[in-house]
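Residue-level structural notes
Here is how the chains run, residue by residue.
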Amino acid sequence: MPDIVLNDFTYLDKYKEFVSRKEFWLAVSEQLTKDFNNDFSVKLDEETDLQGDHIAEIFVKELEKQLPSFTPRLSEILYRIDVPESQVASLKNVPDDIYYRCLAEIILKRII
C-alpha cells in the first residue's frame, strides 16, 4: 500500500499549521467520537498529550487497539465515515498483525 508507511507521520508535515494546534486535535477527537457513535474515545491529557508531534501516534495506537472490537460492523462504520472502498480494498493483502494499524492511519488521514 504505497500511501501508508508504518510509523511514518511525515505526511502531517504539510498540515503543520493545523496539526500543531491543540484545537485541531480536540476536533479530531470529537469527530472520531461522533463517527463511532460514542463507542470510541481517546483519553487525552491536555497538558502533555497535545504537546509535540506524538499526538498522531496516540490516535493511531488507540484506533489500532479499538478497531478490532468493531470488526462485525466495520464496513458499515467505514462507509459512514467516508473511507473510500479503494483504500479499504488496498488492505486486502496486508498482514493481520498490521491491518488495524494501517486502517487507523487511513482513518486519521481522512480527517486531515
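Refer to the structure printed above.
Residues numbered from 1 in each chain as written. Predicted model: local features only at pLDDT ≥ 70, side-chain atom pairs only at ≥ 80, totals over all residues. Heavy atoms only, no water.

**Remarks on the pattern of salt bridges**
Condition: Between Lys or Arg on one side and Asp or Glu on the other, a salt bridge is scored when a side-chain nitrogen of the former is within 4 Å of a carboxyl oxygen of the latter. Only DSSP runs of H or I with at least four residues qualify as helices, and only runs of E with at least two residues qualify as strands; both kinds are numbered from the N terminus onward. Relative accessibility under 20% of the residue-type maximum defines a buried residue, over 50% an exposed one, and the middle range a partly exposed one, all with a 1.4 Å probe and only protein chains included.
By the definition in use, this model includes 5 salt bridges. E57 is paired through a salt bridge with K61; the nearest N and O atoms lie 3.3 Å apart. Of this pair, E57 and K61 both sit in helix α3 (residues 55–66), 4 residues apart, roughly one helical turn. Using a relative accessible area of 46% as the deciding quantity, one classes K61 as partly exposed. In this structure, E57 engages R101 in a salt bridge whose closest nitrogen and oxygen atoms are separated by 3.0 Å. Residue E57 is found in helix α3, and its partner R101 is found in helix α6 (residues 96–111); the two are separated by 44 residues along the sequence. R101 shares its class with E57; the two are buried. Each of E57, K61, R101 and E105 takes part in one network of salt bridges that share partners.

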